[in-house]
Structures are given as C-alpha cells and as structure tokens.
Amino acid sequence: MNKMKQCIYTVILLLTCLVASPKIYKQIWDNSQEKKKAENYKPPVIDLSSPQASQPQTDGTQPSGGENPTDTTSDSQQSTEISTDAQPSTEVPSEYQQITYVQSDPSYFDDALFIGDSRTVGIRDYGTLKNATYFCDVGLAASKLDRDSIASIVGGKTFGKIYIMLGINEVGNDFEFTVSKFRTVIDAVRELQPDATIYLLANLHVTSAAQQAGITNERIDYLNSRISEFADYEKIFYLDINPVFDDGNGNLRPDCTGDGIHVYASYYKTWCEWFGMYTVPNT
C-alpha cells in the first residue's frame, strides 16, 4: 500500500513538473530579455558618435517649486475641443528649408536671455549655460506678460538672442486667447530688442501617465504648432526639443522624469548641449 502511495505521489509530482516547467522557463527567459534590454539601454544623446548625455538622477531631483500644468485664465477663456480642421503644421516652410544651424560654444549665450516657466528654471539651475541671463518663474505664462513687463525684463540691456518657452501652464486654456498673448510677447520683444534673434521653444511633452483632462500631449502639440507659426526663419526661429526626450508614441519618456512633467536635473545638461547645436550665426 505504501509503495502504491509512493507511486501515485511520484506520478503527481511528475505531472506537476511537466505543467509548471514551461511557465518557469518562460519567466526565466522573459527576465533575461528584460535584463538584456536594461543593460543595452542608453540615455538620449545629442551626438550619436560621441555620447555626452548624463544619466538620470536616482533621487528624482526636479526644479524647486515644481508645477503642474494649470489653467491661468478665467472661465470665459477655458478651452474647447481641438478642431481637426485646418490644423497648422510645424514643418519649416519650403522657402526656408535651406536654413543651416551651426554648432556654437557656450560663449554664444553670453548675450542670451531665456524667458520661461519652471522648465526654464531647471535650465537655469541645473544646466550648463550659466553665462546667459534668465527671467523665469514657476507658473509663468504668456498671459502674465505685456510690453511693460517685457521692458522691465530686458532692463535697458541689449541681447543678441532671446529664447522664449511658455505655454505649459496655458495649454488647458482657449488657444486663440493664448496665441494672442504670445503675439503680444513676441511683438514687445521685437520692438524692444529689434536686433535680437528670437528662438521660440516648443513646450516639452508630459508622460502618458501625467496627462489629464485638458492637459494632453495632443493639446501641447497643437499649441506648439500655433507658436511655430510666428517663426519667419530670418529673425525668429522655432526649435523643438521633444524628439530628444520622447518615447515612440510622442510622450515624455518615464525614465527621464520623476514627476512626468520636468526632466531630471541631470538631463538639463543634455538640453543645454542641444541648444548649442541649433544656433544661427550672429546677424
């Protein structure tokens, strides 16, 4: 009887092993593949022949006072659905497709002014362009600026380049209102700094998980496309950093950010190197 029980238990054990072993081997295989992906992963770089991008920090450091994209206008200025008709394009017009950007060293930014929100705060605090001038604040929006405020920002100084990155705090608002405020800012800059080269910077995407009602990458793309329309590619240029930090679906990559909105502090070095690659000669 005991031998019979042993035989039964042995058969049950063998059957259990036969059923479970494929799953165990599959798990081992999957884990090895994930490990291989992790070992082969490289952070985004600017020059593929000479990787210079820094590794993301593990402490999740973000610009101080990090913000969430929020509406800054009244209820009457709140957004509606994006119209699918006559979507503007971010492609460079054909007559300007011969524009050639040049690589510049950090001295190019000696006479540069950066105007922006918390992403620009990050560039100032964690980036490498310490020789530039910055006017930036958490929550800053185009709707908070006018000619008088722009005049106070430049303070009677003469700048050769002015970089403007605004909009993430307004992406949930009515687009026409926001675009009109951008026009006010750009017109004031052109009036007060007529010889400056203006760089309009695309708003950085957020991660897929960070999207919320009214704050989506679709809306960010639409606002960016409207901002790009101000570029004449003679004195005003539009630059888009998103391909450096995006995943394959047009979202900010989760490994680049701790809060889904701002890149890790170490990635602002990558951002500043990217600025140096996309400059136009002084005119």
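Residues numbered from 1 in each chain as written. Predicted model: local features only at pLDDT ≥ 70, side-chain atom pairs only at ≥ 80, totals over all residues. Heavy atoms only, no water.

## Re the overall build of the protein
Part 1: In terms of helices and strands, the protein carries 7 helices and 5 strands.
Part 2: In sequence order, the secondary structure elements of the protein are arranged as α-β-α-β-α-β-α-β-α-β-α-α.
Part 3: Across the protein, every contact between residues at least 6 apart in sequence was considered, and the portion connecting residues at least 24 apart equals 79%.
Part 4: When the accessible area of the protein is evaluated, it comes to approximately 15000 Å², of which 53% is carbon and sulfur surface. (Helix = DSSP H or I, 4+ residues; strand = E, 2+ residues; numbered from the N terminus. Contact = heavy atoms within 4.5 Å. Areas by Shrake-Rupley, 256 points an atom, 1.4 Å probe, with all protein chains shown as cover.)

## A word on the sheet that holds strand β4 (residues 197-201)
Part 1: Strand order in the open sheet formed by 5 strands is β2-β1-β3-β4-β5, and the pairing between neighbours is parallel. Looking at which strands have only one partner, the edges of the open sheet turn out to be β2 (133-136) and β5 (236-239). Taken pair by pair, the neighbouring strands of this sheet meet at an average axis angle of 20 degrees, ignoring direction.
Part 2: Across the sheet, helix α2 (residues 118-126) is in contact with β1 (112-116), β2 and β3 (161-165); its angle to β2 comes to roughly 150 degrees. (Pairing = 2+ DSSP bridges. Axes fitted to C-alpha atoms, helices over the stretch in contact; angles between N-to-C directions.)

## Things to note about the nonpolar core
Part 1: Residues Phe109, Phe114, Tyr163, Leu200, Phe245, Trp271 and Phe275 are the most contacted members of the largest nonpolar core, which totals 69 residues.
Part 2: Not counting the four nearest positions on each side in its chain, Tyr163 is found in contact with Tyr108, Phe109, Ala112, Leu113, Phe114, Ile115, Tyr199, Leu201, Phe275 and Thr279. (Core = buried A, V, L, I, M, F, W, Y, C linked by side-chain atoms within 4.5 Å. Buried < 20%, exposed > 50% of the residue type's maximum accessible area, 1.4 Å probe, protein only.)

## Considerations on α2
Part 1: Buried residues of α2: Ser118, Arg119, Thr120, Val121, Gly122 and Ile123, and no others.
Part 2: Each element contacted by the buried residues of α2 is listed here: β1, β2, β3 and α7 (267-277).

## Remarks on the pairing of β2
Part 1: Burial of the side chains of β2 is restricted to one face: Tyr134 and Cys136 are buried, whereas none of Thr133 and Phe135 on the reverse face is.
Part 2: Relative to β2, β1 runs parallel, the two sharing 4 bridges. Within the sheet, the bridge partner assigned to Phe114 lies in β2 and is Tyr134.
Part 3: Chirality of the crossover, the property in question, places the unit of β1, α2 and β2 among those that are right-handed. (Right-handed = clockwise from strand over helix to strand, strands pointing away.)

## Here's the deal with the packing of aromatic side chains
Part 1: Tallied over the full model, the rule gives 20 aromatic pairs.
Part 2: Aromatic pair Phe109 and Tyr163: ring centres 6.0 Å apart, planes at 35 degrees, arrangement tilted. Placement of the pair is Phe109 in the loop between α1 (2-40) and β1 and Tyr163 in strand β3, with a sequence separation of 54 residues.
Part 3: Phe109 sits in the buried class, given a relative accessible area of 1%.
Part 4: Aromatic pair Trp274 and Tyr278: ring centres 5.3 Å apart, planes at 40 degrees, arrangement tilted.
Part 5: Over the ring of Tyr108 we find Lys161; its NZ or CZ atom is 4.0 Å from the centre of that ring. (Phe/Tyr/Trp six-rings, centres within 6.5 Å; stacked < 30°, edge-to-face > 60°. Lys NZ or Arg CZ within 6 Å of the ring centre and 35° of its normal.)

## Quick look at the confidence of the model for the protein
Atom-level detail of predicted coordinates should not be read off regions where pLDDT is low.
Part 1: Per-chain confidence: the protein averages 78 in pLDDT, with 66% of residues scoring 70 or above.
Part 2: Every residue in residues 28-66 scores below 50 in pLDDT, and together they form 61 contacts with partners more than four places removed in sequence or on other chains.
Part 3: pLDDT under 50 marks residues 70-80. Its contacts with residues more than four places away, or in other chains, come to 28 contacts. (pLDDT = per-residue confidence, 0-100.)

## Observations concerning the pairing of β1
Part 1: Among the 5 residues that make up β1, 5 are buried, leaving the element largely enclosed by the rest of the structure.
Part 2: Alternating residues of β1 divide into Ala112, Phe114 and Gly116 and Leu113 and Ile115, and every residue in both groups is buried.

## A short note on the side chain of Lys161
Part 1: By the secondary structure assignment, Lys161 is in strand β3.
Part 2: Classification of Lys161 by relative accessible area gives buried; the value is 2%.
Part 3: Within the structure, Lys161 has its side chain in polar contact with the side chain of Asp111 (distance 2.6 Å).
Part 4: Excluding its chain neighbours within four sequence positions, the residues that come into contact with Lys161 are Tyr108, Asp111, Ala112, Leu113, Ala196, Thr197, Tyr199 and Asn282. (Polar contact = N/O pair within 3.5 Å; in protein donor to acceptor, adjacent residues only side chain to side chain.)

## Focus on the environment of Tyr134
Part 1: Locating Tyr134 in the fold gives a position in strand β2.
Part 2: Classification of Tyr134 as buried rests on a relative accessible area of 17%.
Part 3: If sequence neighbours within four positions are ignored, Tyr134 has contacts with Leu113, Phe114, Thr120, Ile123, Arg124 and Leu129.
Part 4: For Tyr134, the side chain forms a polar contact with the main-chain oxygen of Leu129, separated by 2.7 Å.

## Let's talk about the packing of helix α4 (residues 175-192) against helix α5 (residues 217-228)
Part 1: Look at α4 against α5: their axes get within 10 Å of each other, and the N-to-C directions meet at 40 degrees. Comparing their axes, α5 and α4 come out oblique. Two packed elements cross with a definite hand, and for α4 against α5 that hand is right-handed. Mapping the contact onto sequence places Phe175, Glu176, Thr178, Val179 and Phe182 in α4 and Arg219, Tyr222, Leu223, Arg226 and Ile227 in α5.
Part 2: Each residue belonging to the contact of α4 with α5 can be placed in one class, and the counts come to 6 nonpolar, 1 polar and 3 charged. (Parallel < 35°, antiparallel > 145°, perpendicular 65-115°, else oblique. Left-handed = near helix turned anticlockwise from the far one by under 90°. Nonpolar A, V, L, I, M, F, W, Y, C, P; charged D, E, K, R; others polar.)

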